[in-house]
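Structure assessment
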Amino acid sequence: MSDITWLASEGDAMSPSVLSQNYLLDFIDTLNLCNLRQYNSISNGFCRILDLVLSNIDVKVMECPDPLVTEDKYHKSICVQLVIPISSSLPVKPRKKFAYSRANYESISKDIAQIDWTDKLSHGDVDTATDTFYRLIYDLRNKHVPMRPSVKQCHPPWFNTALIKVLKEKYKHWKKYKTYGNNSDYHSFKILRDRAKKVEKDCYISYIRGIESSIAKNPKMFWSYMKDKRGSSSFPSCMSYAGVVSDSGQGISELFSKFFHSTFNNVVDTSDNDIDNHLDIPSVCDIASIDIDIAEIERLLKSLDLSKAAGPDDLPASFITNCATELSLPIAIIFRRSLNEGVVPRKWKSAFISPFHKAGPKDRVGNYRPISKLCLVAKVFERIVYRQLYNQLKTSFSPAQHGFLRGRSTVSNLILFNNFITEQMDSGNQVVAVYTDYSKAFDRIDHKLLIIKLRNVGVRGNLLKWFVSYVQNRSQAVVLNGFSSSWMSVPSGVPQGSLLGPIFIIFINDIESCFLNSEYLLFADDMKVFRVVNDAPDAMLLQDDLHSP
């Protein structure tokens, strides 16, 4: 208490109760950060819980039936039973990789510039042109980019070359001493052991300080550290789904593929006749084409995030950015052909899926959610389409929507909600709010309805055909630790991780017709419905809106 009093007098603004509350909030934040839960529910004679049992795995707490010492009735003895799962991690499949950091990009760029792309990409349909583009690029990559075997990281991330060398020397002298019993070898071992401890301590301190100082500029470094601490980046060597158990990398990837595919809706494919015959409603714009500018493509290629992994086309950001000037011409040709023909290349409609653990036991496939990895060139294409489409449609979005829109965010959403509550409280009213969330929102969008709604807001001509091609015949495969599942079709939804994913908000843009008596606010698929409820009739009006079809 003396420390709290001293802090209160030092700040002249914080009372001991406020400080205690802050300490409690910090404690709760630490529990959440470390994924810990409290399992003890045994109370003492005053009906209070004195001991906390914190764990990140399920444990069982019970009263101790046979205490070793005389038990205090106000502080009972407890027994904690836990089962520590002993499971190894799924090994990484050994394979060779391209060493892009050692590539001769000057020669690659020179060879790309010498290709007559206008002639090479003018034959066949847009899929043929795309395949030709990748075949030529892969030939140059194979020629100028060396390969190396994948090396398993066997040291902590803070180890540097100097520390690893000292540890190897230490181990060498220890092995010699154990073999020959020479005191000089033991003396050298002691010197190297002390040096290794000092170097390791310095490396760790430098590593932690680097993470702390880079949180603002490079938060990925911090979250990589957290994932390493939590062990959330590894997969168990044995996993189960729907009663099927697998202990191989290929089998586990297939289980994930079946689970993620089960979330889709099996809907009938969109037909052009169904779209053309659908009743028109007045649209706010009319956009039938997208302008493709080579300079914009070059700028976007150069601005790719180098930390982004390659998609199914196996071209990483480092390769694309280093050859951006030369690649912009062939990519622009394919973009224009794609839009003019109203067809998205087949390769750009595939995605790699990485499972990400949400909560619960890690050996259950159902406790993971998917993260999509798309081709980076396709994402550049999507950015160009999205920018021009957004500029045309920005006035048509519902004023209640605050997700994926410029100038709006969770903050603007909460400010409006807070203002409403404050005004009603000042007037002596009470407010009831209902929070909803669409289940598997991005995965269950009906392609036919989405295209119809795009048409009704003003998308026309080849651009509408392009969107039909964009959502149809997509495929995905699960990849983890070098293993890959078979390809599965995607019958519904829009690809998560794509830059055109925000078109989802058009799908629910007309939801305002459901709320005749209540207010509502949206952030993507998260919605809160609220109104003043002072009596039973007010509550019935809110319920009527929730039941509205």
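Now for a description of the structure that goes with this document. Since we're looking at a predicted model, the values are computed, not measured. (Residues numbered from 1 in each chain as written. Predicted model: local features only at pLDDT ≥ 70, side-chain atom pairs only at ≥ 80, totals over all residues. Heavy atoms only, no water.)

1. Focus: the overall build of the protein
Each helix and strand in the protein was counted, giving 19 helices and 16 strands. With the C-alpha coordinates of the protein rotated into their principal frame, the extents come out at 85 × 80 × 55 Å. For the protein, the residues scored as buried account for 40% of the 549 residues in total. Once local pairs closer than 6 in sequence are excluded, the contacts in the protein between residues at least 24 apart make up 67%. For the protein, the exposed surface amounts to about 31,500 Å²; the carbon and sulfur share of it is 54%. Computed over 66 positive and 59 negative side-chain charges, the separation of the two mean positions in the protein equals 11 Å. (Helix = DSSP H or I, 4+ residues; strand = E, 2+ residues; numbered from the N terminus. Buried < 20%, exposed > 50% of the residue type's maximum accessible area, 1.4 Å probe, protein only. Contact = heavy atoms within 4.5 Å. Areas by Shrake-Rupley, 256 points an atom, 1.4 Å probe, with all protein chains shown as cover. Lys, Arg positive; Asp, Glu negative; His and termini not counted. Charge placed at Lys NZ, Arg CZ, Asp CG, Glu CD.)

2. Here's the deal with unusual backbone geometry
Even without being a glycine, Asp-314 presents a positive backbone phi close to 60 degrees. Tracing the backbone shows Asp-314 in the loop between α11 (294-302) and α12 (317-322). With a phi angle near 60 degrees, Ala-524 is a residue other than glycine that sits in the positive phi range. With respect to the secondary-structure elements, Ala-524 resides in the loop between β15 (519-523) and β16 (526-532).

3. Things to note about the packing of aromatic side chains
Inspection of every chain in the model, using the stated rule, returns 34 aromatic pairs. Here the aromatic rings of Phe-133 and Tyr-134 are separated by 5.1 Å at their centres, their planes lie at 70 degrees, and the arrangement is edge-to-face. Like Phe-133, the residue Tyr-134 is buried in the burial classification. Aromatic pair Phe-417 and Phe-530: ring centres 4.9 Å apart, planes at 65 degrees, arrangement edge-to-face. You can see Phe-417 sitting in helix α15 (residues 410-426) and its partner Phe-530 sitting in strand β16, a full 113 residues away along the chain. (Phe/Tyr/Trp six-rings, centres within 6.5 Å; stacked < 30°, edge-to-face > 60°.)

4. Considerations on α15
Its 17 residues give α15 an end-to-end C-alpha distance of 24 Å, which sits within 8% of 24 Å, the value for a rise of 1.5 Å per residue. When α15 is considered as a whole, its buried residues turn out to be Ser-412, Asn-413, Phe-417, Phe-420 and Gln-424. Seen end-on, α15 carries its buried residues on one side only, within an arc spanning 135 degrees. Among the exposed residues of α15, those pointing more than 90 degrees away from its buried face are Val-411, Leu-414, Met-425 and Asp-426. The elements touched by buried residues of α15 are β11 (431-437), β15 and β16. Gly-428 sits one or two positions beyond α15 and adopts a positive phi of about 85 degrees. (Expected span 1.5 Å × (residues − 1). Arc of directions from axis to C-beta.)

5. Digging into the side chain of Thr-321
Structurally, Thr-321 can be placed in helix α12. A distance of 2.8 Å separates the side chain of Thr-321 from the backbone oxygen of Ala-317, its partner in a polar contact. (Polar contact = N/O pair within 3.5 Å; in protein donor to acceptor, adjacent residues only side chain to side chain.)

6. A closer look at a positive patch on the surface
Together, Lys-93, Arg-95, Lys-97, Arg-102 and Arg-148 make up a positively charged patch on the protein surface. Mapping Arg-148 onto the fold places it in strand β6 (residues 147-149). Classification of Arg-148 by relative accessible area gives partly exposed; the value is 34%. (Patch = residues over 30% accessible without salt bridge, like charges linked within 9 Å, V, L, I, M, F, W, Y side chains within 5 Å. Salt bridge = Lys/Arg side-chain N within 4 Å of Asp/Glu carboxyl O.)

7. Quick notes on the nonpolar core
By size, the foremost hydrophobic cluster in this structure holds 86 residues, and its most contacted members are Phe-335, Trp-348 and Phe-467. No other element matches helix α14 (residues 376-393), which puts eleven residues into this core. The contacts of Phe-335, once residues within four sequence positions are left out, are Ile-292, Ile-297, Trp-348, Val-377, Val-380, Phe-381 and Ile-384. (Core = buried A, V, L, I, M, F, W, Y, C linked by side-chain atoms within 4.5 Å.)

8. Points about the sheet that holds β11
Strand order in the open sheet made by the three strands is β11-β16-β15, with antiparallel pairing throughout. With one partner strand each, in any of the chains shown, β11 and β15 form the two edges of the open sheet. Strand-to-strand twist across the sheet, computed as the mean angle between neighbouring axes with direction ignored, equals 15 degrees. Relative to β16, β15 runs antiparallel, the two sharing five bridges. Looking at β16, one finds that Leu-521 is bridged to Lys-528. Contacts from α15 reach β11, β15 and β16 within the one sheet, and its direction differs from that of β16 by about 15 degrees. (Pairing = 2+ DSSP bridges. Axes fitted to C-alpha atoms, helices over the stretch in contact; angles between N-to-C directions.)

9. Some points on the environment of Arg-102
Tracing the sequence through the fold places Arg-102 in the loop between β5 (96-98) and α3 (105-113). According to the relative accessible area criterion, Arg-102 is exposed, its value standing at 54%. Between the C-alpha atoms of Arg-102 and Pro-330, which are 228 residues apart in sequence, the distance is 24 Å.

10. Here's the deal with the pairing of β16
Of all seven residues making up β16, six are buried, and the element is well covered by its neighbours. As judged from the seven bridges shared by β11 and β16, these two strands associate in the antiparallel manner. Looking across to β16, one finds that Val-432 is bridged to Arg-531. The turn linking β15 back onto β16 is made up of two residues, and Ala-524 within it adopts a positive phi angle of 60 degrees.

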